[in-house]
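Here is what each chain is made of, one letter per residue.
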Amino acid sequence: MDIINILPDSVANQIAAGEVVDRPAGAVKELLENAMDAGATQIDLVVKDAGRTLIQVTDNGCGMSDSDARLCFERHATSKIHKADDLFAIHTMGFRGEALASIAAIAQVELRTRQHDSELGTEVTIEGSHITDQHPSACPQGTTLAVKNLFYNVPARRNFLKNDKVEMSHIEEVFRRITLIHHDLGFTLTSNGRVLYDLKAGSMLQRIAGLYGAAYKERMFSVEEETDIVKIRGFVSRPEYSRKTRGEQYLFVNGRYIKHPALSAAVEKAYADLLPEHSYPSYFVGLQVDPSRIDINIHPTKTEVKFVDDHALFAILRSAVKRALGQFSLATELSFDTPEEFNIPPAPSGYVPPIPKVSYTPGYNPFKTTGSQTHLKMEGLERSKKIEAIEQPEDIEEMDMQPAVPAAAACMQLQGRYIVTPLSSGLAVIDQQRAHERVLFDHLSSNQPAAASSQTLLFPVNCTFSAADADLFNELLPDLQSHGFAIEAMNQTTFVVTATPAEVKEEELQGFFDQMLADYKGATMQKYRSRSESLCTSLARQMAVRPGTVLGQEQMQQLVADLFACPMADTSPSGKKIITIVKPEELLK
Ligand code: ADP
Ligand code: MG
């Protein structure tokens with residue numbers, strides 16, 4: 001008795017769908033790729049309920065003819081390759097002819113499409129692989145494909161979807177992987193009626209800023225290289241903006257996001273010891289190689305790639321990143337010698353400088369973590385232990401950190417960056433920025449009323465964020481208010497700022513908040529104890545005086561005094577060393 005039968009297409013397609021579309025984000029990827037393959041310059045993605053109810057992609061690409069509009073839902077129906085040889089010279093994102101057949105097997109799909117040379121387009125409705133309707137339609141040139149009720153006929157899959165937040169984050173990740181490298185195309189992403197991203201065609205750096213916030217423009221530097229086997233273009237993060245997770249690491253080959261552990265290692269190796277342990281750089285790097293020198297066909301979801309020249313690629317990539325890093329550090333060193341920011345206004349005539357107020361705790365030893373330091377909270381304790389373990393020389397306990405003649409100790413500024421002042425144990429070299437960061441951080445996190453340092457702006461400043469960032473900003477508003485900002489929401493995405501702490505530069509407000517949000521988003525993955533700690537760290541870092549800022553004698557004395565009044569005077573909130581002591585015996589040498 002024969003027992004073998006051939007499965008109907010609808011069943012075969014449903015089985016195949018499992019490989020291509022395991023969750024809404026899988027369908028999103030396929031539809032966006034089809035739109036790009038169709039030569040579109042503007043692509044709009046709309047989702048409802050994280051793609052469960054609706055995934056719709058509209059493009060202004062080449063469109064399809066009446067019969068192609070039906071044929072595209074057949075399995076192995078593709079216009080992108082014709083023969084086996086074509087597999088070795090793939091120039092399109094798709095080529096398997098599986099995606100639409102798979103999606104149509106597990107959803108209700110509506111396709112509207114028009115080619116540029118036809119007056120009328122066509123509309124096709126297909127459900128569970130069966131075309132239920134086709135009729136002419138007056139639609140714009142290009143294609144709109146709407147996928148409704150994904151997995152409506154596959155309850156097992158539907159039930160295994162995670163909550164909307166998780167599914168939406170997968171969709172956003174797919175969106176980033178595609179839009180980052182295709183920055184020359186315009187994209188929008190609308191979720192439940194709200195525009196989350198509206199990305200205009202532009203440079204890669206503009207795209208990074210569009211996705212992650214304007215602050216990223218200052219965090220990145222560019223990597224470029226061109227050799228016979230590869231062309232490299234991209235951006236990698238400045239070492240100080242490394243992160244505690246490998247989240248923002250994107251490699252692309254020929255316009256396609258890939259995972260390639262060896263090439264990722266090449267980028268990280270280039271940083272060598274520029275990064276603290278367990279910190280990772282962010283990078284967005286695109287490689288362009290001859291399509292015949294790669295094999296992108298070894299994995300169904302196509303993120304793994306094999307290169308013929310992987311050893312050479314590794315070396316080229318590493319040295320390109322390394323060179324960019326080298327140029328970068330040279331550039332910052334040079335800028336210390338030529339301070340540009342002289343932002344201390346001349347005193348008005350007749351102005352009598354006030355006698356500097358100095359407050360410090362005379363008996364205080366910042367390195368002593370027990371005994372009289374009753375005000376030292378558990379948090380401080382834990383931290384100073386950790387820090388001692390990291391970087392204190394053994395004889396630190398004996399070091400006397402009191403200013404020699406506190407109120408009068410003269411300070412000298414070095415390279416617009418360091419404050420040099422005598423202590424009884426030697427000459428202290430203090431990093432002014434880190435010192436200020438520490439002072440501000442302690443002040444901000446002490447929850448003292450901030451009114452004293454708050455200043456009302458002459459003209460209110462408007463700041464605008466993406467919808468997702470605006471949500472976050474709203475969440476942080478109460479904290480910001482308690483730190484001396486006066487902010488009101490004008491509409492969903494725009495906020496009016498009427499007062500700020502004195503240290504915040506009004507003309508940099510937008511960048512200030514963008515950076516704060518970027519830090520905050522990054523911080524959720526880092527090991528901050530609380531959201532308020534992460535916020536204070538970010539605010540303090542941004543409000544602190546920058547290297548190159550010339551400080552007056554009083555300002556330096558005040559800063560030194562404030563610093564020594566902090567329980568953790570030796571380390572900045574981000575864990576960097578603030579003070580180096582040059583001992584008398586070293587001076588003797
Ligand atoms: P593949 O992309 O691998 O060819 P798909 O199933 O994704 O397979 O698409 C099948 C075919 O449908 C494509 O080869 C293309 O000819 C056509 N097609 C799909 N989406 C679009 C679109 N947005 N615009 C124009 N043609 C499209
Ligand atoms: Mg496709």
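This text follows the structure it describes.
Just so we're clear, the structure is a prediction, and the values are computed from it rather than from any experiment. (Residues numbered from 1 in each chain as written. Chains lettered and ligands numbered in written order. Predicted model: local features only at pLDDT ≥ 70, side-chain atom pairs only at ≥ 80, totals over all residues. Heavy atoms only, no water.)

Peer 1: Residues and numbers for the pattern of salt bridges, please.
Peer 2: Evaluated as defined, the whole model comprises 17 salt bridges. For lysine 29, the salt bridge is made with glutamate 33, and the minimal N-O distance between the two is 3.5 Å. On the criterion of helical spacing, the pair formed by lysine 29 and glutamate 33 is a turn pair, its members being four residues apart in helix 2 (residues 24-37). Overall, the relative accessible area of 4% leaves glutamate 33 in the buried class. (Salt bridge = Lys/Arg side-chain N within 4 Å of Asp/Glu carboxyl O. Helix = DSSP H or I, 4+ residues; strand = E, 2+ residues; numbered from the N terminus. Buried < 20%, exposed > 50% of the residue type's maximum accessible area, 1.4 Å probe, protein only.)

Peer 1: I'd like to hear about the side chain of threonine 571, residue by residue, with values.
Peer 2: With respect to the helices and strands, the residue threonine 571 is situated in the loop between helix 16 (553-564) and strand 22 (579-582). Accessibility expressed as a relative area gives 0% for threonine 571, which makes it buried.

Peer 1: For a nonpolar patch on the surface, give the residues involved together with the corresponding values.
Peer 2: Where nonpolar side chains cluster on the molecular surface, the patch consists of Met1, Ile3 and Ile4 and spans about 500 Å² of accessible area. Looking at the element boundaries, methionine 1 is found in the segment before helix 1 (9-20). (Patch = residues over 30% accessible without salt bridge, like charges linked within 9 Å, V, L, I, M, F, W, Y side chains within 5 Å. Areas by Shrake-Rupley, 256 points an atom, 1.4 Å probe, with all protein chains shown as cover.)

Peer 1: Describe the packing of helix 6 (residues 164-179) against helix 7 (residues 204-212), with residues and values.
Peer 2: Following both chains from N to C, one finds helix 6 and helix 7 inclined at 165 degrees, their axes separated by 11 Å at the closest point. The angle between helix 6 and helix 7 places the two elements in the roughly antiparallel class. Both helix 6 and helix 7 take part in a crossing whose hand is right-handed. Counting all contacts with helix 6, which are made through Phe175, Arg176 and Thr179, the residues of helix 7 involved are Arg207, Leu211 and Tyr212. Split by residue class, the contact of helix 6 with helix 7 holds three nonpolar, one polar and two charged. (Axes fitted to C-alpha atoms, helices over the stretch in contact; angles between N-to-C directions. Parallel < 35°, antiparallel > 145°, perpendicular 65-115°, else oblique. Left-handed = near helix turned anticlockwise from the far one by under 90°. Contact = heavy atoms within 4.5 Å. Nonpolar A, V, L, I, M, F, W, Y, C, P; charged D, E, K, R; others polar.)

Peer 1: Summarise helix 12 (residues 432-445); cite the residues concerned and give the values.
Peer 2: When the terminal C-alpha atoms of helix 12 are compared, their 20 Å separation across 14 residues agrees well with the 20 Å that a helix rising 1.5 Å per residue should span. Counting buried positions along helix 12 yields 11 of 14 residues, so the element is predominantly enclosed. Taken as a whole, helix 12 has its buried residues at Gln432, Gln433, Ala435, His436, Glu437, Arg438, Val439, Leu440, Phe441, Asp442 and Leu444. (Expected span 1.5 Å × (residues − 1).)

Peer 1: Report on the packing of aromatic side chains, specifying residues and quantitative values.
Peer 2: Two measures describe an aromatic ring pair: the distance that separates the ring centres and the angle between the ring planes. Counted by the stated rule, this structure contains 15 aromatic pairs. Between phenylalanine 473 and phenylalanine 495, the aromatic rings sit 4.7 Å apart at their centres with planes inclined by 70 degrees, giving edge-to-face as the arrangement. Of this pair, phenylalanine 473 sits in helix 13 (residues 467-482) while phenylalanine 495 sits in strand 21 (residues 494-501); the two residues are 22 residues apart in sequence, bridging distant segments of the chain. For phenylalanine 495, a relative accessible area of 0% corresponds to the buried category. Aromatic side chains phenylalanine 485 and phenylalanine 512 sit 5.9 Å apart centroid to centroid with 45 degrees between the ring planes, which places their arrangement in the tilted category. With phenylalanine 485 in the loop between helix 13 and strand 20 (486-489) and phenylalanine 512 in helix 14 (residues 509-523), this residue pair connects regions lying 27 residues apart in the sequence. Grouping residues by exposure puts phenylalanine 485 and phenylalanine 512 together as buried. (Phe/Tyr/Trp six-rings, centres within 6.5 Å; stacked < 30°, edge-to-face > 60°.)

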